[in-house]
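For reference, the chains in residue letters:
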Amino acid sequence: MTLATGTRLGVYEILVPIGKGGMGEVYRARDTKLDRDVAIKVLPEEFANDEERLARFEREAKLLASLNHPNIASIFGFEENALVLELVEGPTLAERIEQGKLPIDEAIAVAKQIAEALEAGHEAGVIHRDLKPANIKLKEDGTVKVLDYGLAKALEGDATGGADSELSQSPTLTRQGTEVGVILGTASYMSPEQARGKRVDRRTDIWAFGCVLYEMLTGGKAFGGDDVSEILAAVINLEPDWRELDPRLAKVVRRTLEKDPKKRRRDIGDVGTDIAEALEAPAARPASNRGPRLALLAALVGVLVGVALSTLITTPPAELLVTRFDISGADGAATSNRRVAITRDGRTIAYRNDGRLHVRSLDTKDTTSLPGTEGAGHPVFSPDGEWIAFWADGLHKVPMDGGAPVRLYSEQSTSVGMSWSGDDIYYASVEGNIVRMSAGGGAPELVLDAGEHVLLYPRLLPDGTTLLYTESNATMTRQSIKAYTLDTDVGRVLVERGADAQFVGSGHLVYRDGNELRAVPFDLDRVEVTGKDAIVVADVAHLGAGLDRGGADFAVSESGNLLYHSSSGGQNRLIWVDRRGVAEPLDVPSAGYGGARISPDETRLLIEQDGDLWLYELARGAMSRLTSTGDNLRATWSVDGEHVVFASNRRGNHHVYWQPADGSGDAERLTDGEVMQHPDSVAPDGSVVFHQHDVDTRSSDLWLLDMDEREGRVLLRTEFREATAAVSPDGRWLAYTSNESGRDEVHVRPFPDGGAKTVVSTEGGSVPRWSRDGRELYYRHDSELMAVGVGIGDELRVGTPKALFEARFATVARAPSFDVTGDGERFLIVESGEGSRSQ
């Protein structure tokens, strides 16, 4: 029933509508008798016409009206099938969270008042059943008011009281709420027992409180999805991303979100105590200074911390022994394989710099460059510290004194993690198996067959019989750390979510979880984890290509010294470079920039920064955020500049999305499937989005997405890796990168019908870009920006590529690190390392 302004319900005069939902329409009204404004919630018409339900509601409403607490919005009365409620001014908590996560102090102040409201209701025997940010108001004076307390049951209650009725009491029902299983709306805050239609008690409110607290602290929902079925599946089966929480509060929120109600906190008062006790603990280290600075920074400064790992977890950074040293021209933070190593005694380090390995003594500060180690990856010291093994088109070892490298094995181009134990070297093959070979050379021996999995980062533990390794699925989206006992053929899971573990003599495993390095106590004799994990550093650079996507660029000695590349240490910058190589930095601070694209009208830039998308207006120099979910990448523009197209893993795997560039609408998912997908470009007429499908860790296909039909089809499928597709301005020629020759080269072939391909680049190339008139094609070749003249039409004519200039391109996985203006005169470059460019 819709009420017009001026309508009278008893002494209440309707002023304006202020809300509408499954529980009825809400109006602002004037109490003409007491001269105050109130909220009028008009019950749904089908509800009001059910005399039995209406009578039950009136009985429930009397109980709810008895709730008198400063943090509960009051019920004043019942008038002509409408509920008269306290009118609470101010934004909802949902509106506040839309502006970003709350600082801890603010979040705890709000949570404390929510908890006090729940405690008062529970003591009166009333369960809220619909606690969510939209039902929480924040008044200007700091008071928090919980709305609609108990109305879910009052409005949807069933006299039978059975399990089916408990489902009908869910706050997320439609107006046909008595039909079991008809659920929508606020599913993100439902407890598992509520989602399953089981009887609920106060612990369902504690679950919802945990969801609200998580959302306040992180800015994102604990359980999300594109539709109700996905959300409920997450509630029942999945865990939130605990890494997003301050470690002090993670345990508190975990206790509220135990899926088994028997294990969940029973009383909201206990949750308040948990929060108070957690906040009495030492504050979590901020991301910019969290953990020991045992780092080889990606720009110009390296940092090593020489203390035992058990000390690192508990000692404030200011009290740690830190040694700093300069590394001029150091390789950037993002990489496709590991670049650092440390001896067992922690006194000597090796790192790749300017393409080759260097060795540095931490005692004498002497540094030695090792010739013949160009392109070295996954370096590892021999047990005696006299040799370094590495991969570069095969397995090699090189003496520490700088002698000539010795090739041990040449039938494999790369490895995915390696360790040297005794006389044997263990490594993960490109097939995903673990093999062993003698450090003196010879044939490899299979140690562990991957089967349907991918096995990575093997390390033999000091007992000489147990192999530590990472097990992953084929798409590298689910990884766990396992141990395999060689003499008994027995394996076990040590860490459910993590990768790239290394053992430390202090009795810990150090491993990667997201951008963090974590340490967990480990009993070597029993081969099992014995305690809770803790963050050691929060910004480790992870390995960003192929099978290496699970690893991190770090090494730890048995004595507990840790060396790592920081993901935030090498801040990138944005620069314009003309065809002569003259650079002009943009007036923006250096940051964790990934890709950058110029808008079609050349007035804005679309920038990837630390996993989110930003817009930069060139005329005003203004930067504005487009996304805040994290892990948004490979962004490009629609032809008209009205939308941005990008990849995001909001459903547990990367899919293609788009959203309005002015921020006026939500992101729409354009693709589906089990493999990772990343957009490359949009066709000149806007009808097609070209995107890349990662078939497995060694190959990828090019696909077309029809924007009218929202359907995809294969454009180019081979056994090799094709990527970064771009169509010529006349829409007749497709440029792309392929590694079918053994290295990345730029190819061009007819579009859309296909045909014979032409290799454009001559010595390697990637990321092709067309000039607006189609007369030039640009691409990257190592540190050079190349240009090649082309003639397009019925036939393709290709000139000789020439280098325009050199640049220190930021190497960020899957990010386009350059773009070009339509006239081909200026190039936007994402440059690695602040101030590292030499003119």
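Going by the structure above, here's the rest.
What you see is a predicted model, and the numbers here were worked out from it, not measured in a lab. (Residues numbered from 1 in each chain as written. Predicted model: local features only at pLDDT ≥ 70, side-chain atom pairs only at ≥ 80, totals over all residues. Heavy atoms only, no water.)

1. Thoughts on the overall build of the protein chain
Each helix and strand in the protein chain was counted, giving 12 helices and 59 strands. Taken across its 839 residues, the protein chain has 56% of its residues classed as buried. Considering only residue pairs separated by 6 or more positions, the protein chain has 47% of its internal contacts joining residues 24 or more positions apart. About 34900 Å² of surface is accessible on the protein chain, with carbon and sulfur atoms providing 45% of the total. (Helix = DSSP H or I, 4+ residues; strand = E, 2+ residues; numbered from the N terminus. Buried < 20%, exposed > 50% of the residue type's maximum accessible area, 1.4 Å probe, protein only. Contact = heavy atoms within 4.5 Å. Areas by Shrake-Rupley, 256 points an atom, 1.4 Å probe, with all protein chains shown as cover.)

2. Observations regarding the nonpolar core
Membership of the largest hydrophobic core comes to 63 residues, with the highest contact counts inside it found for Leu93, Ile114, Leu131, Phe209, Leu213 and Met216. Ranked by the residues each element gives to this core, the list is headed by helix α8 (residues 202-218), at 10 residues. With sequence-adjacent residues up to four places away left out, Phe209 is seen in contact with Ala111, Ile114, Ala115, Leu118, Leu131, Ile268, Val271 and Ile275. One finds Leu785, Phe809, Val820 and Ile829 within the second-largest nonpolar core, a separate group that totals 15 residues. (Core = buried A, V, L, I, M, F, W, Y, C linked by side-chain atoms within 4.5 Å.)

3. Considerations on the environment of Tyr351
Relative to the helices and strands, Tyr351 is located in strand β13 (residues 348-353). On the basis of relative accessibility, which here comes to 4%, the residue Tyr351 falls in the buried class. Through-space distance from the C-alpha of Tyr351 to that of Ala376 is 9.5 Å; in sequence the pair is 25 residues apart.

4. Considerations on the pairing of strand β53 (residues 766-770)
For β53, the buried fraction is high: 5 of the 5 residues fall into the buried class. Bridge count for β53 against strand β54 (residues 776-781) is 3 bridges, and the pairing is antiparallel. Residue Trp770 lies in a different strand from β54, and its bridge partner there is Leu777. What sits between the antiparallel neighbours β53 and β54 is a turn of 5 residues, in which Gly774 has the positive phi angle 75 degrees. (Pairing = 2+ DSSP bridges.)

5. Thoughts on a negative patch on the surface
On the surface, a cluster of negative charge is contributed by Glu116, Glu119, Glu123 and Asp270. Counting residues per element, the negative patch draws most heavily on helix α4 (residues 104-123), at 3 residues. (Patch = residues over 30% accessible without salt bridge, like charges linked within 9 Å, V, L, I, M, F, W, Y side chains within 5 Å. Salt bridge = Lys/Arg side-chain N within 4 Å of Asp/Glu carboxyl O. Lys, Arg positive; Asp, Glu negative; His and termini not counted. Charge placed at Lys NZ, Arg CZ, Asp CG, Glu CD.)

6. Describing the sheet that holds strand β17 (residues 387-391)
Taken together, 4 strands build an open sheet; the order of strands is β16-β17-β18-β19 and the sheet is antiparallel. The strands lining the two open edges of the sheet, one partner per strand, are β16 (377-381) and β19 (406-409). Taking the axes of each pair of neighbouring strands and ignoring which way they run, one obtains an average angle of 25 degrees across the sheet. As judged from the 5 bridges shared by β17 and strand β18 (residues 395-399), these two strands associate in the antiparallel manner. The residue of β18 that forms the bridge with Trp391 is Leu395. (Axes fitted to C-alpha atoms, helices over the stretch in contact; angles between N-to-C directions.)

7. A few points about α8
Spanning 17 residues, α8 covers 25 Å between terminal C-alpha atoms, matching the ideal 24 Å at 1.5 Å per step. Judged by how many residues are buried, α8 sits mostly within the fold: 16 of 17 residues are covered. Just beyond α8, the residue with positive phi is Gly219, at close to 85 degrees. (Expected span 1.5 Å × (residues − 1).)

8. Some words on the packing of α8 against helix α10 (residues 247-256)
Between two packed helices, the angle of one axis relative to the other and the distance separating the axes together describe the packing. Packing of α8 against α10 leaves a shortest axis separation of 8 Å and a crossing angle of 150 degrees. With respect to the hand of their crossing, α8 and α10 are arranged in left-handed fashion. Residues Ile206, Trp207, Gly210, Leu213, Tyr214 and Leu217 of α8 form the contact with α10, whose own contacting residues are Leu249, Val253 and Thr256. Tallied by class, residues from the contact of α8 with α10 come to 7 nonpolar, 2 polar and no charged. (Left-handed = near helix turned anticlockwise from the far one by under 90°. Nonpolar A, V, L, I, M, F, W, Y, C, P; charged D, E, K, R; others polar.)

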